[in-house]
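Fold and contact review
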Amino acid sequence: MEETQPVPRVGVVLFVLKGKSVLLGRRRASIGESTFALPGGHLEFGESFEECGARELMEETGLEMGKADFLTVTNKVFLEKSKPCHYVIIFLRAVLADPNQVPQNPEPDKCDGWDWYDWDNLPQPLFSTLDEMVRSGFNPFPST
Ligand code: 8DG
Ligand code: MG
Ligand code: MG
C-alpha cells in the first residue's frame, strides 16, 4: 500500500479580545490535550484567513467574529504524539461582532468549554505555542 507523505498544514488561530481578556478553552484533542488554547483550526481550500477564523470561531464557540487583524505567524513541528504534525499557524486578533455574545460549546468532544481570561492572570497549563508566545513577551492587544 502506498504511504502518504506527511505535509505541513495551515491553521488560523484567533486571539479574541474583550477588554483585557482573551477567549480560551481547555482542549480535548490529541495535540495539547487538557491545555488552554485559542479557538481556531485548519484553513480550507479557497478561504481567506479571516473567513477561516470566522468559520472556526462560529463552529467552536457559536460566536460571530467582528473586525480581525493579522498579528503574527509561527512555523512549528509537533513531535508530542505518535504521528508528527507540522503547522504554519496564522494568528489573528479579533473582536466579537456583538461584545455581549456568550460563548457556547458546540464541540464538547474537542473542548471542555470557553471562557474569558484576564491576560495578566492566564490559566495553566497553556497550549505549547501559546505558552511560548506569552513567555517571549508577546502581547495581542493593540498598542494605543
Ligand atoms: P478543524 O477540524 O475544525 O479544521 O480543526 P481543529 O480540530 O479545530 O484544529 P485545531 O487542532 O484546533 O487547530 C489546528 C492546529 O493549530 C493545532 O492542531 C495546532 C495549531 N495551534 C497552535 N496553537 C493553537 C491554539 O492556540 N489553538 C488552536 N486551536 N490551535 C493551535 O499552534
Ligand atoms: Mg475547529
Ligand atoms: Mg480548533
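These figures come from a predicted structure and were not determined experimentally.

Conventions we followed
Sequence order sets the numbering: in each chain, residues are counted from 1 along the sequence as written. Here chains are named by letter from A upward and ligands by number from 1 upward, in the order in which they appear as written. Totals for whole chains, interfaces and linings use every residue, but because this is a predicted model, local features are given only for residues with pLDDT of at least 70 and side-chain atom pairs only at 80 or more, for both listing and counting. Calculated side-chain values reflect all of the structure's heavy atoms, with hydrogen atoms and water omitted. The classification of residues rests on relative accessible area computed with a 1.4 Å probe and restricted to protein chains. Under 20% of the type maximum is buried, over 50% is exposed, and intermediate values are partly exposed. In this description a helix means any DSSP run of H or I spanning at least four residues, a strand means any run of E spanning at least two, and both kinds are numbered starting from the N terminus. Here, any two strands with at least 2 DSSP bridges between them count as paired. Here a donor is an N, O or S atom found within 2.8 Å of the metal, or within 3.2 Å if the metal is Na, K or Ca; sites may look incomplete because water is not among the atoms. For each residue, the test is whether any non-hydrogen atom lies within 4 Å of the molecule or strand; if one does, the residue is near. The term polar contact refers here to a pair of N or O atoms within 3.5 Å; inside protein, the definition further demands a hydrogen-donor-capable atom paired with an acceptor-capable atom, and it admits residues adjacent in sequence only when both atoms are side-chain atoms. For the area figures, the Shrake-Rupley method with a 1.4 Å probe applies, and any residue is considered shielded solely by the protein chains shown. Charged means Asp, Glu, Lys or Arg here, nonpolar means Ala, Val, Leu, Ile, Met, Phe, Trp, Tyr, Cys or Pro, and polar covers whatever is left, Gly included. In this scheme, a helix's expected span is set at 1.5 Å multiplied by one less than its residue total. Contact criterion: two residues are considered in contact whenever any of their non-hydrogen atoms come within 4.5 Å of each other. The salt bridge definition used is simple: a Lys or Arg side-chain nitrogen within 4 Å of an Asp or Glu carboxyl oxygen.

**Let's talk about the pairing of strand β2 (residues 21–27)**
- Judged by how many residues are buried, β2 sits mostly within the fold: 5 of 7 residues are covered.
- Judged from the 2 bridges that link them, strand β1 (residues 9–18) and β2 form a sheet pairing that is antiparallel. Each residue of the ladder has a partner; that of K18, found in β2, is S21.
- The hairpin formed by β1 and β2 contains 2 residues between the paired strands, and G19 there has a positive phi angle of roughly 60 degrees.
- Pairing geometry for β2 and strand β7 (residues 111–118), over 6 bridges, is antiparallel. Its bridge partner being in β7, L23 is matched across the sheet by W116.
- Bridge count between β2 and strand β3 (residues 36–37): 2 bridges; the pairing is antiparallel. Paired with G25 across the bridge in β3 is A37.

**What about the coordination of the magnesium ion (ligand 2)?**
- With distances of 2.1 to 2.2 Å, the protein atoms coordinating the magnesium ion (ligand 2) are E56 (OE) and E60 (OE).
- If you look at the magnesium ion (ligand 2) and the magnesium ion (ligand 3), they sit 3.4 Å from each other and are both ligated by E60. One end of the pair, E56, and the other, E60, are both in helix α1 (residues 49–61), 4 residues apart, so they sit about a helical turn from each other.
- By relative accessible area, which is 9% here, E56 ends up buried.

**A word on the site of ligand 1**
- In the region of ligand 1, 16 residues are neighbours, and R27, L38, H42, E60 and T129 sit closest.
- At 2.7 Å, a side-chain N or O of T129 approaches a nitrogen atom of ligand 1.
- Contact with the protein chains removes 88% of the 610 Å² of surface that ligand 1 exposes when unbound.
- Listed by contribution, the elements that provide at least two residues to the shell around ligand 1 are β4 (40–42), α1 and β6 (85–96).
- Element by element, the count of residues in the shell around ligand 1 is highest for β4, at 3 residues.
- When grouped by side-chain class, the residues that make up the shell around ligand 1 number 8 nonpolar, 4 polar and 4 charged.

**Quick look at α1**
- Between its first and last C-alpha atoms α1 spans 18 Å; for 13 residues at 1.5 Å apiece the expected length is 18 Å, and the two agree.
- Every buried residue belonging to α1 is among C52, G53, R55, E56, L57, E60 and T61, and all of these are buried.
- On its buried side, α1 packs onto β1, β2, β4, β5 (65–78), β6 and β7.
- The first or second residue beyond α1 is G62, which carries a positive phi of 75 degrees.

**Topic: the pattern of salt bridges**
- Counting across every chain of the model gives 9 salt bridges.
- For R55, the salt bridge is made with E44, and the minimal N-O distance between the two is 3.5 Å. With R55 in helix α1 and E44 in the loop between β4 and α1, the pair connects residues that are 11 residues apart, well separated along the chain.
- Its relative accessible area of 17% is what places R55 among the buried residues.
- Residue classification places E44 among the partly exposed positions, given a relative accessible area of 44%.
- Of the charged contacts, one joins R93 and D69 as a salt bridge, the two residues approaching to 3.6 Å between their closest N and O atoms. Of this pair, R93 sits in strand β6 while D69 is found in strand β5, placing the two residues 24 residues apart along the sequence.
- Residue D69 is classed as partly exposed on the basis of its relative accessible area of 26%.
- When salt bridges that share partners are traced, they join E44, E47, R55, E56 and E59 into one network.

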